[in-house]
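# Examining the three-dimensional arrangement
Letter by letter, the chains look like this.
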Amino acid sequence: MKGRSIRLRIQLWHGALLAVSVFSISILFFLHERNLRTERVKGELIQATAALIPRYYNPNPHRPPLEGEERPYRPLHRRDRPAPADGENDRRPPPPRRNSDGEPGPPRPERSSHNDRPPRESDFRDTRLPPPAPPMIISEITGEPIKRPRRVSEILDHPAKYFLVWNSEAEVHARSDNAPEDIPYIQESYDQPGETWVRTRPGYIEAINFAPRMGTIVTGIPVKAVQAGLTQFALKLFSISAGIIGLGLGIGWWMTGRATRELKQIALSSERIAHGDLSERIDLDFPSSEVGALAEVLNDSFSKLEGSFQQQVRFTADASHELRTPVSVVLTTGQFALSKDRNISEYKKAISTCVDSAMHMKKVIESLLEIARYDSGETALNLQEHDLAKVANESIELLQALAKRKRITITTSFEPTFTKIDPHRMLQVCINLLSNAIKYSTFGTEVSITVREEEEDCLLVVADRGVGIAEKDLPFLFDRFFRGKRTTGDENEHTGLGLAITKSIILAHGGTIQASNRSQGGALFRITLPKS
């Protein structure tokens with residue numbers, strides 16, 4: 001039962017959609033974070049490489065400069081210079097003097113050598129000074145000067161980072177303890193030597209700086225070290241996503257419970273009605289909602305079902321009562337005739353009574369069968385274009401003798417009214433209404449029949465000046481076997497099904513029939529039929 005529950009199915013769809021949405025967003029966020037961290041690691045490696053350049057790029061200042069080469073550093077201290085050859089002076093000759101006009105002036109006086117002059121205080125100063133600081137290096141990432149750290153560990157701020165330095169002869173000059181052994185040597189394959197490049201090889205991300213005639217510096221980090229942080233981030237992201245999905249499922253279950261609560265009330269009310277409590281109705285907290293509209297339709301259906309059931313109960317009781325009387329007459333008369341020997345006239349009278357009762361039962365049964373055929377739609381109407389006024393006039397001719405017996409005048413107001421009808425069935429309707437009007441009219445009054453066309457319908461009206469219809473009997477006037485207080489003493493001759501048959505015929509034609517009381521006294525029946 002739960003597998004077929006609307007609430008459970010909605011919750012499953014909601015959970016699946018929520019899970020797909022949350023995990024899709026989480027995956028996209030994870031990929032973005034991975035790319036962001038990778039780019040951050042690459043930037044850090046570039047900065048670390050730039051910070052290592054001042055430490056390990058120190059070319060030999062004594063070799064002659066190559067063509068077009070600019071020395072990045074000043075030469076070492078004078079004491080580290082190579083000794084001059086015999087007869088050579090390590091000092092360059094001073095430039096010649098020139099006067100204000102730019103012409104050569106008098107020669108400079110020849111200075112004595114270092115050994116000829118008296119000693120100075122500066123000669124006794126310690127000349128073992130550190131090499132001058134390298135030029136300032138600008139970061140390629142931030143554009144700001146990079147401060148030279150004191151330790152390599154400050155440059156490689158992650159324990160998994162490593163570096164390797166080759167000199168200009170492709171010999172390993174320096175390396176960290178954790179540097180891999182399989183780092184390939186970088187050839188002069190870059191378009192712009194001296195810049196820092198990033199490469200990714202299997203298992204490693206490395207930044208490379210190649211400087212011709214100076215060497216190569218490589219800094220890198222294993223991909224596993226980067227992925228280790230991503231794994232923890234993925235676990236946190238998964239936990240957050242699972243929590244969001246769990247919270248969403250809980251809220252969704254509560255919301256679907258509130259949404260389906262009214263459906264449960266409808267189901268419970270329908271179940272009670274199915275067990276025979278036709279007076280049960282659906283009472284909702286929010287009747288203006290979509291479910292409330294459904295409940296209103298169901299309540300109307302239940303009301304009609306209750307009315308139909310009550311009508312069926314009354315019909316069964318009335319039919320039983322209607323048939324019980326003639327059956328009782330037949331049995332009583334037969335038993336009376338057979339109780340002892342009687343003469344021929346008494347037997348004829350008994351048989352005649354039985355025949356009359358049997359004819360009455362036959363009439364009731366035929367009327368019931370006719371109504372049943374109309375209710376089931378089995379009666380096929382012979383529809384044809386016909387004048388409704390002509391049919392009404394035929395019914396007057398058939399009942400003229402009955403009207404004269406009560407000195408009732410029948411007045412007509414006919415207009416040619418052509419519509420699609422079954423002439424035989426409409427004649428039956430006119431006879432039923434006109435006979436009832438004559439029967440219930442006061443002696444010496446009149447009955448009027450009107451036939452005319454209106455804007456959208458064809459109208460047939462039969463009115464009398466009798467005792468009228470009790471207001472409480474109007475809703476039940478067309479029920480089967482219903483008889484109101486308009487009795488004339490000969491009600492046993494009628495079945496009480498005439499108006500029910502009349503309504504069934506009119507409904508089969510797509511029309512309507514209404515009964516009301518006239519203000520000046522009497523009853524009025526109004527029939528409307530659609531135009532052809």
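Residues numbered from 1 in each chain as written. Predicted model: local features only at pLDDT ≥ 70, side-chain atom pairs only at ≥ 80, totals over all residues. Heavy atoms only, no water.

### Description of the overall build of the protein
Using the following cut-off: By the criteria applied, helices consist of DSSP H or I runs no shorter than four residues and strands consist of E runs no shorter than two, each listed in order from the N terminus. Three labels apply to residues, based on accessible area from a 1.4 Å probe with only protein chains included: buried if under 20% of the type maximum, exposed if over 50%, partly exposed otherwise in between. The contact criterion used throughout is that any non-hydrogen atoms of two residues lie within 4.5 Å.
The number of helices and strands found in the protein is eight helices and twelve strands. Taken across its 532 residues, the protein has 33% of its residues classed as buried. By sequence separation, contacts in the protein at least 24 residues apart represent 63% of the contacts at least 6 residues apart.

### Considering the sheet that holds strand β9 (residues 446-453)
Let me state the cut-off plainly: At least two bridges found by DSSP between two strands are what make those strands a pair. Between N-to-C directions, angles span 0 to 180 degrees; the directions come from axes that are lines fitted to C-alpha atoms, helices contributing only their stretch in contact.
Strand order in this open sheet of five strands is β7-β9-β10-β12-β11, and the pairing throughout is mixed. Looking along the sheet, the strands with just one partner apiece sit at the ends: β7 (409-414) and β11 (512-517). For this sheet the average axis-to-axis angle between neighbouring strands, irrespective of direction, equals 10 degrees. As defined by bridge partners, β9 adjoins strand β10 (residues 457-463) across six bridges and the pair is classed as antiparallel. Bridge assignment links I449 to a residue of β10, and that residue is V462. Against the sheet, helix α8 (residues 498-508) engages β11 and β12 (523-530), with an angle of about 135 degrees to β11.

### Quick notes on the packing of helix α1 (residues 6-56) against helix α3 (residues 223-274)
Operational definition: By definition in this entry, angles of less than 35 degrees are roughly parallel, angles greater than 145 are roughly antiparallel, angles of 65 to 115 are roughly perpendicular, and the rest are oblique. Throughout, a crossing is termed right-handed when the near helix is turned clockwise from the far one, and left-handed when it is turned anticlockwise from it by less than a right angle.
In contact at an axis separation of 8 Å, α1 and α3 are set at 160 degrees when each is read in the N-to-C sense. Relative to α3, the element α1 is oriented roughly antiparallel. Crossing angle aside, the handedness with which α1 passes α3 is right-handed.

### With respect to unusual backbone geometry
The phi dihedral of R407 falls on the positive side, at around 55 degrees, and the residue is not glycine. By secondary structure assignment, the location of R407 is in the loop between α6 (388-405) and β7.

### Thoughts on the packing of aromatic side chains
This is how the line gets drawn: Between rings of Phe, Tyr and Trp, where Trp is taken as its six-membered ring, a pair exists when centres lie within 6.5 Å; planes separated by under 30 degrees are stacked, by over 60 edge-to-face, and by other angles tilted.
Taken as a whole and judged by the stated rule, the model has five aromatic pairs. For the pair F30 and F233, a centre-to-centre distance of 6.5 Å together with 20 degrees between the ring planes defines the contact as stacked. Taken as a pair, F30 in helix α1 and F233 in helix α3 lie far apart in primary sequence, 203 residues in all. A centroid spacing of 6.4 Å and a plane angle of 85 degrees characterise the contact between F478 and F525, whose relative ring orientation is edge-to-face. Residue F478 is found in the loop between β10 and α8, and its partner F525 is found in strand β12; the two are separated by 47 residues along the sequence. Take F478 and F525: they sit in the same class, and that class is buried.

### Thoughts on the nonpolar core
In plain terms, the rule: We define the nonpolar core as a collection of buried residues of types Ala, Val, Leu, Ile, Met, Phe, Trp, Tyr and Cys that are connected through side-chain atoms lying within 4.5 Å of one another.
Of all hydrophobic cores here, the largest spans 46 residues; its most connected members are L434, I449, F525, I527 and L529. Secondary-structure elements contributing two or more residues to this core are α5 (344-376), α6, α7 (423-440), β9, β10, α8, β11 and β12. Ranked by residue count, the leading element in this core is α7, at eight residues. The next biggest cluster of nonpolar side chains, apart from the first, holds ten residues, and it includes A51, L52, I53 and A174.

### Overview of the sheet that holds strand β5 (residues 215-222)
The five strands are arranged β2-β1-β5-β4-β3 in an open sheet whose pairing can be described as antiparallel. Of all the strands in the sheet, the pair left with one neighbour each is β2 (172-175) and β3 (196-201). Between one strand axis and the next, the sheet turns through 20 degrees on average, direction left out of account. Together, β1 (162-167), β2, β3, β4 (204-211) and β5 form the strand contacts of α1, whose direction differs from that of β5 by roughly 145 degrees. Packing of α3 onto the sheet brings it into contact with β4 and β5, and relative to β5 it is tilted by some 35 degrees.

### Focus: the pairing of β11
The sheet contact formed by β11 and β12 spans six bridges and is antiparallel. Bridging from a neighbouring strand, N517 pairs with A523 of β12. Counted between consecutive antiparallel strands, the loop separating β11 from β12 contains five residues, among which G521 sits at a positive phi close to 105 degrees.

### Section: α3
We count it as follows: By definition here, a helix of n residues has an expected span of 1.5 Å times n minus one.
For α3, spanning 52 residues, the distance from its first C-alpha to its last is 71 Å, which sits close to the expected 76 Å at 1.5 Å a residue. Where α3 terminates, the next one or two residues include G276, which has phi positive at roughly 115 degrees.

### Focus on the pairing of β4
Taking burial as the measure, the eight residues of β4 include seven buried ones, the bulk of the element. Note that β3 and β4 share six bridges and pair antiparallel. Counted as the bridge partner of T200 is I205 from β4. What sits between β3 and β4 in their antiparallel hairpin is a turn of two residues, with G203 showing a positive phi close to 90 degrees. Relative to β5, β4 is paired through eight bridges, and the arrangement is antiparallel. Residue F210 lies in a different strand from β5, and its bridge partner there is T216.

### Quick word on the pattern of salt bridges
We apply this condition: Salt bridge, as applied in this entry: a Lys or Arg side-chain nitrogen positioned within 4 Å of an Asp or Glu carboxyl oxygen.
Scanning the model with the defined rule gives eleven salt bridges in all. As a salt-bridge pair, E446 and R465 come within 3.9 Å of each other at their nearest N and O atoms. Of this pair, E446 sits in strand β9 while R465 sits in the loop between β10 and α8, placing them 19 residues apart in sequence. With relative accessibility at 31%, the residue E446 sits in the partly exposed group. R465 gets classed as partly exposed once you look at its relative accessible area, which sits at 32%. We note a salt bridge from R452 to E454, for which the minimum N-O separation is 3.6 Å. On the accessibility criterion, R452 (30% relative accessible area) is partly exposed.

### Side note on α7
For α7, which comprises 18 residues, the first-to-last C-alpha distance of 26 Å matches the rise-based estimate of 26 Å (1.5 Å per residue) to within 8%. For α7, the tally of buried residues reaches 14 of 18 residues, placing the bulk of the element in the interior.

So, to be careful, I would describe these as geometric facts and stop short of saying anything about function.
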